[in-house]
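# Geometric and topological summary
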Amino acid sequence: MKKSDKLKEQLENWRKEQAKAYRIYLKTSAVGLEFGLAIVIGALIGYFADKHFNSSPYGLLIGVLVGLIAAIKRIWLFSKAYLEKNKKDDE
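Every chain's residues receive numbers from 1 upward, in the order its sequence appears when written. Local features in this predicted model are restricted to residues of pLDDT 70 or higher, and side-chain atom pairs are both shown and tallied only at a pLDDT of 80 or more, whereas totals for entire chains, interfaces and linings draw on every residue. Only hydrogens and water are set aside; all other atoms, that is, all heavy atoms of the structure, feed into the side-chain values.

We now examine the overall build of the chain. Only DSSP runs of H or I covering at least 4 residues are called helices, and only runs of E covering at least 2 are called strands; the numbering of each starts at the N terminus. Within the chain, the regular secondary structure consists of 2 helices and 0 strands. The C-alpha radius of gyration of the chain comes to 22 Å, more than 25% above the 12 Å expected for a compact globule of 91 residues. Expressed along its principal axes, the backbone C-alpha trace of the chain runs to roughly 75 × 25 × 10 Å. Residue exposure (1.4 Å probe, protein chains only): buried if accessible area is under 20% of the type maximum, exposed if over 50%, otherwise partly exposed. Sorting the 91 residues of the chain into buried and exposed places 12% on the buried side. A separation of at least 24 residues holds for 54% of the contacts in the chain among residues at least 6 apart in sequence. Note on method: radius of gyration uses C-alpha positions; expected globular size equals 2.2 Å times residues raised to 0.38. Note on definitions: a residue-residue contact is assigned when non-hydrogen atoms from the two residues lie within 4.5 Å.

Take the layout of surface pockets next. The computed volume of the largest pocket comes to approximately 250 Å³. Buriedness for pockets is judged along seven lines, at least five of which must meet protein on both sides within 12 Å for an open set on the 1 Å grid over protein atoms alone, while cavities are sets there where a 1.4 Å probe fits but cannot get out, and lining residues have an atom within 4 Å of a point. For the largest pocket, the lining is made up of 11 residues, of which Arg23, Ile24, Lys27, Tyr82 and Lys85 are closest to its centre. Ranked by residue count, the leading element in the lining of the largest pocket is helix 2 (residues 58-90), at 6 residues. Grid points are joined across faces, edges and corners, and a volume is the space filled by probe spheres set on the points.

Two rings from Phe, Tyr or Trp (for Trp, the six-membered ring) form a pair when their centres are within 6.5 Å of each other. A pair whose planes differ by under 30 degrees is stacked, one over 60 is edge-to-face, and the rest are tilted. One pass over the full model with this rule turns up 3 aromatic pairs. Summarising the aromatic geometry, the rings of tyrosine 22 and tyrosine 25 are spaced 6.3 Å apart at their centres and angled 65° between planes, so their arrangement reads as edge-to-face. Here the residue tyrosine 22 and the residue tyrosine 25 both occupy positions in helix 1 (residues 3-53), the gap between them amounting to 3 residues, near one helical turn. Residue class for tyrosine 25 comes out exposed when judged on its relative accessible area of 52%. Measuring from centroid to centroid gives 5.4 Å for tyrosine 47 and phenylalanine 48, while their planes differ by 70°, and the two rings are edge-to-face. You can call phenylalanine 48 exposed: its relative accessible area is 52%.

Here is the structure:
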């Protein structure tokens, strides 16, 4: 094997590793964004429910709670999938 072929192979392996790392970063960032958005959307729905039904602050509190539960569920599902994938990679 030529030295240039070996360097090309090493460069290609490095690029594949970088692409894999970027995919993981993007997925993790998306989960963080989803976490924040779930809470904000829940709070907004609760806020507008309070305005419509004149039930302040209960709608907002319920909306934030539902958003928080949705956000925690999303992180739990992401973590579960991530751990299962890494478990397969380790075997």
